[in-house]
Amino acid sequence: MKKVHNFSAGPCILPQEVIEQSAKAILEFDNLGLSLIEISHRSKNFEAVMEEARSLVKEILQLKPNYEVLFLQGGATLGFYTIALNLMREGGKAAYANTGVWASGAIKEAKLVGQTDVIADSSDKNHSYIPKFEVNGDWDYFHFTSNNTIFGTQYQEFPKSNVPLVCDMSSDIFSKDFDANQFSLIYAGAQKNMGPAGTILYIIDKEILGKSGRKLPAYLDLQAHIDKDSMYNTPPVFAIYASMLTLRWIKANGGLKGMEARNRAKKDCFYNELDRNGLFHGHSVPDSRSWMNPTFRLNDDSMAAEFDQMWKSAGISGIAGHRSVGGYRASMYNALPLESVQVLVDVMKEFERVKG
Ligand SMILES: *Cc1c(COP(=O)(O)O)cnc(C)c1O
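Residues numbered from 1 in each chain as written. Predicted model: local features only at pLDDT ≥ 70, side-chain atom pairs only at ≥ 80, totals over all residues. Heavy atoms only, no water.

1. Quick look at the packing of aromatic side chains
Link 1 in the chain: With the rule as written, the count across this model stands at 21 aromatic pairs.
Link 2 in the chain: Taking the centre distance of 5.9 Å and the plane angle of 65 degrees together, the rings of Phe280 and Phe296 count as edge-to-face. With Phe280 in strand β11 (residues 280-282) and Phe296 in strand β12 (residues 295-298), the pair connects residues that are 16 residues apart, well separated along the chain. Here Phe280 matches Phe296 in class, with each residue buried.
Link 3 in the chain: Here the aromatic cluster, defined as three or more aromatic residues joined through ring pairs, consists of Phe133, Phe142, Phe144, Tyr155, Phe158, Phe178 and Phe183.
Link 4 in the chain: One cation-aromatic arrangement involves Lys125 over Tyr129; the distance from NZ or CZ to the ring centre is 5.6 Å. (Phe/Tyr/Trp six-rings, centres within 6.5 Å; stacked < 30°, edge-to-face > 60°. Helix = DSSP H or I, 4+ residues; strand = E, 2+ residues; numbered from the N terminus. Buried < 20%, exposed > 50% of the residue type's maximum accessible area, 1.4 Å probe, protein only. Lys NZ or Arg CZ within 6 Å of the ring centre and 35° of its normal.)

2. Focus: the sheet that holds strand β3 (residues 93-98)
Link 1 in the chain: Strand order in this open sheet of seven strands is β2-β10-β9-β8-β5-β3-β4, and the pairing throughout is mixed. Both edges of this open sheet fall to β2 (67-72) and β4 (115-121), since each of them pairs with a single strand only. The mean angle between the axes of side-by-side strands here comes to 20 degrees, regardless of whether they run parallel or antiparallel.
Link 2 in the chain: Across two bridges, β3 lies against strand β5 (residues 142-145) in parallel orientation. Bridge pairing links Ala95 to Phe142 in β5.
Link 3 in the chain: Relative to the sheet, helix α3 (residues 75-87) contacts β3, β5, β8 (165-168), β9 (185-189) and β10 (200-205), its axis offset from that of β9 by approximately 160 degrees.
Link 4 in the chain: Running at roughly 160 degrees to β3, helix α4 (residues 101-113) makes contact with β3, β4, β5, β8 and β9 of the sheet. (Pairing = 2+ DSSP bridges. Axes fitted to C-alpha atoms, helices over the stretch in contact; angles between N-to-C directions. Contact = heavy atoms within 4.5 Å.)

3. Considerations on empty space enclosed by the protein
Picture a little ball the size of a water molecule; that probe, rolled over the atoms, points out where space is still empty.
Link 1 in the chain: For the structure on display, the rule yields three cavities of 30 Å³ or more.
Link 2 in the chain: Considering only enclosed or pocket space, the largest cavity measures out at about 50 Å³ in volume.
Link 3 in the chain: Taken together, Leu72, Gln73, Gly75, Leu78, Gly79, Thr82, Ile200, Tyr202, Tyr219, Leu220, Leu222 and His225 make up the lining of the largest cavity.
Link 4 in the chain: For the lining of the largest cavity, the secondary structure elements donating two or more residues are α3, β10 and α5 (222-227).
Link 5 in the chain: Element by element, the count of residues in the lining of the largest cavity is highest for α3, at four residues.
Link 6 in the chain: Split into classes, the residues belonging to the lining of the largest cavity amount to seven nonpolar, five polar and no charged. (1 Å grid on protein atoms, 1.4 Å probe; cavity = no way out; pocket = protein on both sides within 12 Å on 5 of 7 lines; lining within 4 Å. Points joined across faces, edges and corners; volume = space filled by probe spheres on them. Nonpolar A, V, L, I, M, F, W, Y, C, P; charged D, E, K, R; others polar.)

4. A look at the domain arrangement of the protein chain
Link 1 in the chain: Per the domain assignment, the segments of the protein chain are domain 1 (16-252) and domain 2 (255-355).
Link 2 in the chain: Taken over C-alpha atoms, the centre of domain 1 sits 27 Å from the centre of domain 2.
Link 3 in the chain: Taken together, the contacts link 30 residues of domain 1 with 25 residues of domain 2.
Link 4 in the chain: In total, domain 1 and domain 2 occlude about 2300 Å² of area from one another, counting both sides; carbon and sulfur atoms represent 53% of this.
Link 5 in the chain: Inspection of the region where domain 1 meets domain 2 yields two salt bridges.
Link 6 in the chain: Here Lys132 makes a salt bridge to Asp287, at a shortest N to O gap of 3.7 Å.
Link 7 in the chain: Counting across the domain 1 and domain 2 interface gives 18 residue pairs in polar contact (both at pLDDT 80 or more).
Link 8 in the chain: Elements that contribute at least two residues to the side of domain 1 that touches domain 2 include exactly α2 (44-61), β7 (153-154) and α6 (237-252). (Domains from an automatic or database assignment. Buried area = accessible area lost by both parts, 1.4 Å probe. Salt bridge = Lys/Arg side-chain N within 4 Å of Asp/Glu carboxyl O. Polar contact = N/O pair within 3.5 Å; in protein donor to acceptor, adjacent residues only side chain to side chain.)

5. Quick word on the packing of helix α8 (residues 304-313) against helix α9 (residues 338-355)
Link 1 in the chain: Two elements in contact, α8 and α9, have axes separated by 10 Å at closest approach and are oriented at 140 degrees. Here α9 runs oblique to α8, going by the angle between their axes. Viewed along their axes, α8 and α9 form a crossing whose handedness is right-handed. For the pair formed by α8 and α9, the contact residues are Glu306, Phe307, Met310 and Trp311 on the first element and Val347, Met348, Glu350, Phe351, Val354 and Lys355 on the second. (Parallel < 35°, antiparallel > 145°, perpendicular 65-115°, else oblique. Left-handed = near helix turned anticlockwise from the far one by under 90°.)

6. Details of the site of the ligand
Link 1 in the chain: As a matter of local geometry, the ligand sits amid 13 residues, with Thr77, Thr149, Asp168, Gln191 and Lys192 nearest to it.
Link 2 in the chain: Between the ligand and the protein, one listed contact pairs an oxygen atom with a backbone N or O atom of Ala76 at 3.2 Å.
Link 3 in the chain: The contact in question runs from an oxygen atom of the ligand to an N or O atom on the side chain of Lys192, over 2.6 Å.
Link 4 in the chain: Expressed as a share of its isolated accessible area of 390 Å², the protein-covered part of the ligand is 88%.
Link 5 in the chain: Among the elements that take part in the shell around the ligand, α3 stands out by supplying four residues, more than any other. (Near = heavy atom within 4 Å. Areas by Shrake-Rupley, 256 points an atom, 1.4 Å probe, with all protein chains shown as cover.)

7. Focus on the nonpolar core
Link 1 in the chain: Judged by nonpolar contacts, the single largest core of 54 residues is most densely connected at Val57, Phe71, Phe174 and Ile203.
Link 2 in the chain: Ranked by residue count, the leading element in this core is α6, at nine residues.
Link 3 in the chain: Not counting chain neighbours up to four residues away, the residues in contact with Phe71 comprise Met50, Ala53, Arg54, Val57, Met194, Thr199, Ile200, Leu201, Ser230, Ile240, Ser243 and Leu247. (Core = buried A, V, L, I, M, F, W, Y, C linked by side-chain atoms within 4.5 Å.)

Right under this line is the structure:
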């Protein structure tokens, strides 16, 4: 099989060794004569997978002992509602920043639960920038989206806040060095930077739970999952296994600092070319650029068919932009090698040479 340069926005590229080991585990797991997906999730073999996945998250993020780690189902989309239900007090309120499609999805779900104040908003310029603001008030928590997967913007610094910080890190978790201990809750769907679709990672400061005064349905009660060591019901075993392998890969490749060095090299390679090349421009303003999902356009859209033909024949896949932004989006998640970015940059250079 000839591998292509995979710039898909999600589900996304995973390390080749993770794909290979996952494939083997489907055929036979732990020399059991059984597949990973046909053994009990209560077997000691799978319990070891779950425990390793949870402890690798704690280790890579250097979490203090007050944090719990869960791998649940429902994706970040169910997370939007779940976190509001668990963290917003009966009669309380929450603050949100609206910086894109996923942020506004989170706001919509929070409104079902209680008073949701949008205190920062970049929709005036089609979410091409991250607003500058501080959070001072009596909200139960402040929610933001660290990386806006669709628009290609990313907070370069986290907002200062006097209320508990809650963050959707679906598309940039484990991509850079950061202090996770400043957050009360982080959640991230696996399929952007960590594993296949089917599981969502929660990182929760236990102190923040149990204050809402609400009666919660069992599956949406984060404390119920903590009490059962992330095994309240049958977990998505395959997605968790592959995520665990990716976490091992992250650790073996230098953890957060290693990922940051890798991703810095890729974003420099790409944005240097974008700024140099006379045929393209970026969607996001330079001081809000995403390291994970650069969005860009041709200055002259009538050249699109020729450019598309060129990147396709270079073995590039997945750079068509999202319909709400148009143009192109070259997602450069952790597992994407620098060589793939170099191939894209070479195509952009060659296109300029031919057309410029
Ligand atoms: C993809 C994405 C989501 C939605 O994730 P699902 O797992 O599909 O529910 C939410 N937030 C961000 C930032 C995303 O990139």
